[in-house]
Amino acid sequence: MEKMSVFITGASSGIGKAYAFKLAQKGYDLILLARNIDKLKGIKNELKKLFNTNTKIISSDLSDINEINKAVKLIKSLDNLYILINNAGFGIPGEFSKIDLSKHLSMLNVHINATVSFSHAALIPMLKNNRGIIINVSSIASFLKRKGAVMYSSTKCFITSFSQSLSLEVKEKGIKVQALCPGYTYTEFHDRDAYKNFNRNSIPSFLWTNKEYVVESSLKALKHNKVIHVPGLKNKLFVILLKSRFFSPIINYVLKKIKHK
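Quick look at the structure, then. Not measured: the values here are computed from a predicted model. (Residues numbered from 1 in each chain as written. Predicted model: local features only at pLDDT ≥ 70, side-chain atom pairs only at ≥ 80, totals over all residues. Heavy atoms only, no water.)

### Comments concerning the nonpolar core
- Core analysis: the biggest nonpolar cluster contains 34 residues, and F7, L62 and F118 have the highest contact counts within it.
- Of all the secondary-structure elements, those providing two or more residues to this core are strand 2 (29–34), helix 3 (65–76), strand 4 (81–86), helix 4 (101–129), helix 5 (150–170) and strand 6 (175–180).
- Considering each element in turn, this core owes the most residues, eight residues, to helix 4.
- Contacts of F7, omitting those with residues within four sequence positions, involve I31, L33, I58, L74, I75, L78, L81, I83, L84 and I85.
- A11, I15, L40 and L222 belong to the second-largest nonpolar core, a separate cluster that totals 29 residues. (Core = buried A, V, L, I, M, F, W, Y, C linked by side-chain atoms within 4.5 Å. Buried < 20%, exposed > 50% of the residue type's maximum accessible area, 1.4 Å probe, protein only. Helix = DSSP H or I, 4+ residues; strand = E, 2+ residues; numbered from the N terminus. Contact = heavy atoms within 4.5 Å.)

Written out as structure tokens, the structure reads:
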């Protein structure tokens, strides 16, 4: 019997990599997509040694719409696709008007066009089999409106809303959709050049979460059929405060102060 497969974007590091190891341990075949082919090769070899996992790796830059279209063709052909994890993403700190437009458009491709295109493609085999899971990695930033992260917050807001609406259409057809909304997570996200002035120590240690915990929490939450999943009590509380008309301005002020430490 052919194993069910999992397609993960942004799989070379962070949350995407953590999903790969957790789902390989559960016995799934994997298709891992990311830009860094050397990292993907290392992960493939490690998964083979640890779990004897059948892993296909794809080097692709999802900021390029042509690369997205290539991946769409592959996803449509995966008759045994069971889980799609749209995890690829990045941030661009700074004022919207001072950041080159091409970077904003690249983010639209990675966060929105890839997520929509891959979800649409994955539904072909999923609807045929009357089963499937789509996990779209969003962020608690999707509930936060602030200066200095206009596109990140806006695109993550789309991902969260898109997941909610899509779930309404497919939940009666055996398909689960989750918008995973983590807070500060220990990954390589802040190691990129765009965050060269970012100091992890400026964020209180209790606000950080382990990526393995985020992934385990996400997979457990699927059993409860809740579309929006915020992992960790501290992050849940944070989101509740963000939605409060009284506390939201205070949180934005504190975040601004942290940023400039």
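Having put the structure on the table, let's press on.
### A word on the packing of aromatic side chains
- Evaluation of the coordinates by the stated rule reveals three aromatic pairs.
- Consider the rings of F7 and F118, whose centres lie 6.0 Å apart with planes at 65°: the pair is edge-to-face. Linking F7 in strand 1 (residues 5–9) with F118 in helix 4, this pair joins segments that are 111 residues apart in sequence. Here F7 matches F118 in class, with each residue buried.
- Seen from their ring centres, F158 and F162 are 5.7 Å apart, and the 10° between their planes marks the pair as stacked. Here F162 and F158 lie together in helix 5, a separation of four residues that amounts to about one turn. (Phe/Tyr/Trp six-rings, centres within 6.5 Å; stacked < 30°, edge-to-face > 60°.)

### A short note on the packing of helix 3 against helix 4
- Direction vectors running N to C along helix 3 and helix 4 enclose 20°, while the axes themselves pass 8 Å from each other. Regarding the angle of helix 3 to helix 4, the classification is roughly parallel. Helix 3 and helix 4 meet at a crossing whose hand is right-handed. Mapping the contact onto sequence places I65, I68, A71, V72, I75 and K76 in helix 3 and N109, N113, A114, S117, F118, A121, A122, I124 and P125 in helix 4. (Axes fitted to C-alpha atoms, helices over the stretch in contact; angles between N-to-C directions. Parallel < 35°, antiparallel > 145°, perpendicular 65-115°, else oblique. Left-handed = near helix turned anticlockwise from the far one by under 90°.)

### Describing the pairing of strand 4
- Summarising burial for strand 4: six of the six residues are buried, a large majority.
- The sheet contact formed by strand 1 and strand 4 spans four bridges and is parallel. Paired with S5 across the two strands is L81, which belongs to strand 4.
- As defined by bridge partners, strand 4 adjoins strand 5 (residues 132–137) across four bridges and the pair is classed as parallel. Its bridge partner being in strand 5, N86 is matched across the sheet by N136.
- Considered for its hand, the β-α-β crossover made up of strand 4, helix 4 and strand 5 is right-handed. (Pairing = 2+ DSSP bridges. Right-handed = clockwise from strand over helix to strand, strands pointing away.)

### Re helix 3
- Here helix 3 contains 12 residues, and its C-alpha end-to-end distance of 17 Å stays within 8% of the 16 Å for a straight helix at 1.5 Å per residue.
- Along helix 3, the residues classified as buried are E67, I68, A71, V72 and I75. Looking straight down helix 3, one finds its buried side chains confined to an arc of 145°; they lie on one side. Turned more than 90 degrees away from the buried face of helix 3, the exposed residues are K70 and K73.
- Of the surrounding elements, those touching the buried residues of helix 3 are strand 1, strand 2, strand 3 (55–59), strand 4 and helix 4. (Expected span 1.5 Å × (residues − 1). Arc of directions from axis to C-beta.)

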